[in-house]
Amino acid sequence: PPGAPAIVVADPWPQPALSTLNLALTIGKDAHLHAEVFDLHGRSQRVLFDGAAHEGEVQLRWDLRRSDGRRCPPGMYLVRIGTQQNTVVRKLIVR
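Given the structure is predicted, the values throughout are model-derived calculations rather than measurements.

Asker: Mind showing me how you'd approach the nonpolar core here?
Answerer: A general trend in soluble globular proteins is that nonpolar side chains are found buried together. Judged by nonpolar contacts, the single largest core of 23 residues is most densely connected at Leu25, Trp62, Ile81 and Leu92. Of all the elements in the fold, those that place two or more residues in this core are strand E1 (7-9), strand E2 (21-27), strand E3 (31-39), strand E4 (44-53), strand E5 (56-62), strand E6 (75-82) and strand E7 (87-94). Among the elements that line this core, the one with the most residues is E2, at four residues. The contacts of tryptophan 62, once residues within four sequence positions are left out, are Ser19, Thr20, Leu21, Val37, Arg46, Leu48, Cys72, Tyr77, Leu92 and Val94.

Structure, rendered in structure tokens:
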């Protein structure tokens, strides 16, 4: 939508991830940002960020663990990163 903060997400690295996975994104203006990892069945695995983010670059890191602290099994996951106006989804591969 016009006036919505743009979100640009770089390719997550490293992929496949063995212990941590990094995400770099840029948002066009201050906004509430939510970043969450899901399995392919749509079940939430971990909220990586949920709060105010300032215009510019944001760095996120996932330790490949679920909210309960257990490590996610190898496979493909999706990270959904968004503001109230825009959402971006990227594939994540865990080894």
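Having put the structure on the table, let's press on.
Asker: Honestly, the environment of arginine 71 in this entry has me stumped. Any pointers?
Answerer: The topology assignment puts arginine 71 in the loop between E5 and E6. In sequence terms arginine 71 and glutamine 45 are 26 residues apart; their C-alpha atoms lie 9.8 Å from each other. Non-local contacts of arginine 71, meaning those with residues more than four positions away in its chain, are made with Ala17, Leu18, Leu64, Arg65, Arg66, Val94 and Arg95. Here the side chain of arginine 71 touches leucine 18 through a polar contact of 2.7 Å, landing on its backbone oxygen. Within the structure, the side chain of arginine 71 is placed 3.1 Å from the backbone oxygen of arginine 95, a separation counted as a polar contact.

Asker: I tried to follow a nonpolar patch on the surface on my own but got confused; where do I start?
Answerer: Taken together, the side chains of Leu40, Met76 and Ile93 make up a nonpolar region of the molecular surface, amounting to roughly 260 Å² of accessible area. Of note, leucine 40 is situated in the loop between E3 and E4. Note on leucine 40: relative accessible area 54%, which makes it exposed.

Asker: What's the story with the packing of aromatic side chains in this structure? I'm lost.
Answerer: Aromatic ring pairs are described here by two measures, namely the spacing of the ring centres and the angle between the planes. This structure, assessed with the given rule, holds one aromatic pair. With a centroid separation of 5.7 Å and an interplanar angle of 75°, the aromatic rings of tryptophan 62 and tyrosine 77 are classed as edge-to-face. A residue pair is termed long-range when its members are at least 10 positions apart, and tryptophan 62 in strand E5 and tyrosine 77 in strand E6 qualify at 15 residues. Residue classification places tryptophan 62 among the buried residues on the basis of a relative accessible area of 0%. Assessed through its relative accessible area of 5%, tyrosine 77 is described here as buried.

Calculation rules
- Residues numbered from 1 in each chain as written.
- Predicted model: local features only at pLDDT ≥ 70, side-chain atom pairs only at ≥ 80, totals over all residues.
- Heavy atoms only, no water.
- Core = buried A, V, L, I, M, F, W, Y, C linked by side-chain atoms within 4.5 Å.
- Buried < 20%, exposed > 50% of the residue type's maximum accessible area, 1.4 Å probe, protein only.
- Helix = DSSP H or I, 4+ residues; strand = E, 2+ residues; numbered from the N terminus.
- Contact = heavy atoms within 4.5 Å.
- Polar contact = N/O pair within 3.5 Å; in protein donor to acceptor, adjacent residues only side chain to side chain.
- Patch = residues over 30% accessible without salt bridge, like charges linked within 9 Å, V, L, I, M, F, W, Y side chains within 5 Å.
- Areas by Shrake-Rupley, 256 points an atom, 1.4 Å probe, with all protein chains shown as cover.
- Salt bridge = Lys/Arg side-chain N within 4 Å of Asp/Glu carboxyl O.
- Phe/Tyr/Trp six-rings, centres within 6.5 Å; stacked < 30°, edge-to-face > 60°.

Take it as geometry only, folks, not as evidence of what the structure does.
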